Amino acid sequence: MRAAVQKILQTLLDLQAVDIRLHEVRARLAAFPKKTAEVDARVAAAKAAVEQSKASQLNTIKERKKYELDVEQWKERVRKYRDQTSQVKTNEAYKALQHEVEMAEAEIAKAEDRLLEQMVNAEEYDRRVKASEKDLKEVEDAARGQRAKIDAEKAAAEKDIAALEAERARAVADIPENLLDHYDRIVRKHNGIALAEVRNEKCGACGMIVRPHVIQEMRRAKGEDELFHCETCTRILYYIEADQPGAPASGPAQQASAATAHGEC
Ligand SMILES: [Zn+2]
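Cut-offs and rules
- Residues numbered from 1 in each chain as written.
- Predicted model: local features only at pLDDT ≥ 70, side-chain atom pairs only at ≥ 80, totals over all residues.
- Heavy atoms only, no water.
- Salt bridge = Lys/Arg side-chain N within 4 Å of Asp/Glu carboxyl O.
- Helix = DSSP H or I, 4+ residues; strand = E, 2+ residues; numbered from the N terminus.
- Buried < 20%, exposed > 50% of the residue type's maximum accessible area, 1.4 Å probe, protein only.
- Phe/Tyr/Trp six-rings, centres within 6.5 Å; stacked < 30°, edge-to-face > 60°.
- Lys NZ or Arg CZ within 6 Å of the ring centre and 35° of its normal.

## So, the pattern of salt bridges
Going through the model one piece at a time under the given rule, you end up with 21 salt bridges. Between Lys35 and Glu153 there is a salt bridge whose closest N-O contact spans 3.9 Å. Taken together, the residues Lys35 in helix α2 (residues 32-85) and Glu153 in helix α3 (residues 91-172) connect sequence positions 118 residues apart. Classification of Glu153 by relative accessible area gives partly exposed; the value is 28%. Measuring nitrogen to oxygen at the nearest pair gives 2.9 Å for the salt bridge that ties Glu124 to Arg127. Of the two residues, Glu124 and Arg127 both sit in helix α3, 3 residues apart, roughly one turn of that helix. Given the relative accessible area of 27%, Glu124 is considered partly exposed. The exposure class of Arg127 is partly exposed, given its relative accessible area of 47%. A single salt-bridge network, built from bridges that share partners, covers Asp19, Arg168 and Asp184.

What follows is the structure, given as structure tokens:
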């Protein structure tokens, strides 16, 4: 009884099954730096929020001190004017000093208003500092867990790659070098998928019609080194008789059609 596919095609299908898994694990591995960067960015943003709220808090303390000093200075002037009032001889000089006292008292009132504003601000900034620090702590706690998860997933992916590379070395052992080069070229061109099943007289990867005489030749083909290619996408074609048991178990046909769905022809 004839095998479901030629022996050489079966070795290539086995290799493709390994390569598809390698491709998937490598894609997984390549996504880790971005995930780590996202975690780092969240921590950096939370730290920046703490720094910003602390800067605002510090600023309001400085402003408060400035207005406290203003109040003291204007009060000192009022005392000085009052002292002078007792020594003036003329009504005019007295009135002038009274005017100075009124001006200074108005300045005191203004500075006290601003001081009050800054005290209200200070309460708000204290609240913001506490909230941002709490938020930072939560983000950092979460980041620790996320980094540990990423590290564990990365280690698992690296282990998978090592195992798959060993599996690939075994898979390529029986494939002649020129055929392997040919396969690798198609793999590079088609993002990991070099073989396509002929189904309903069409290439299972790109969907283009495979001419009937090509299918006839494929069905007749017994020679192990006789390969047929899709005229459109150049992938290596294989054909599984509908009533044949023993179709490739790893399902490269489905994977090949999945590649078509992503337009990677
Ligand atoms: Zn094709």
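That was the structure; now back to the text.
## So, the packing of aromatic side chains
Tallying each qualifying case throughout the model produces 0 aromatic pairs. For the cation-ring pair, Arg77 lies above Trp74, with the distance from its terminal atom to the ring centre recorded as 4.4 Å.

## Focus on unusual backbone geometry
You will see that Asn200, though not glycine, has its phi angle at about 50 degrees, which is positive. Even without being glycine, Glu201 reaches a positive phi, approximately 60 degrees. By the element assignment, Glu201 lies in the loop between β1 (195-199) and β2 (202-203). Residue classification places Glu201 among the exposed positions, given a relative accessible area of 51%.

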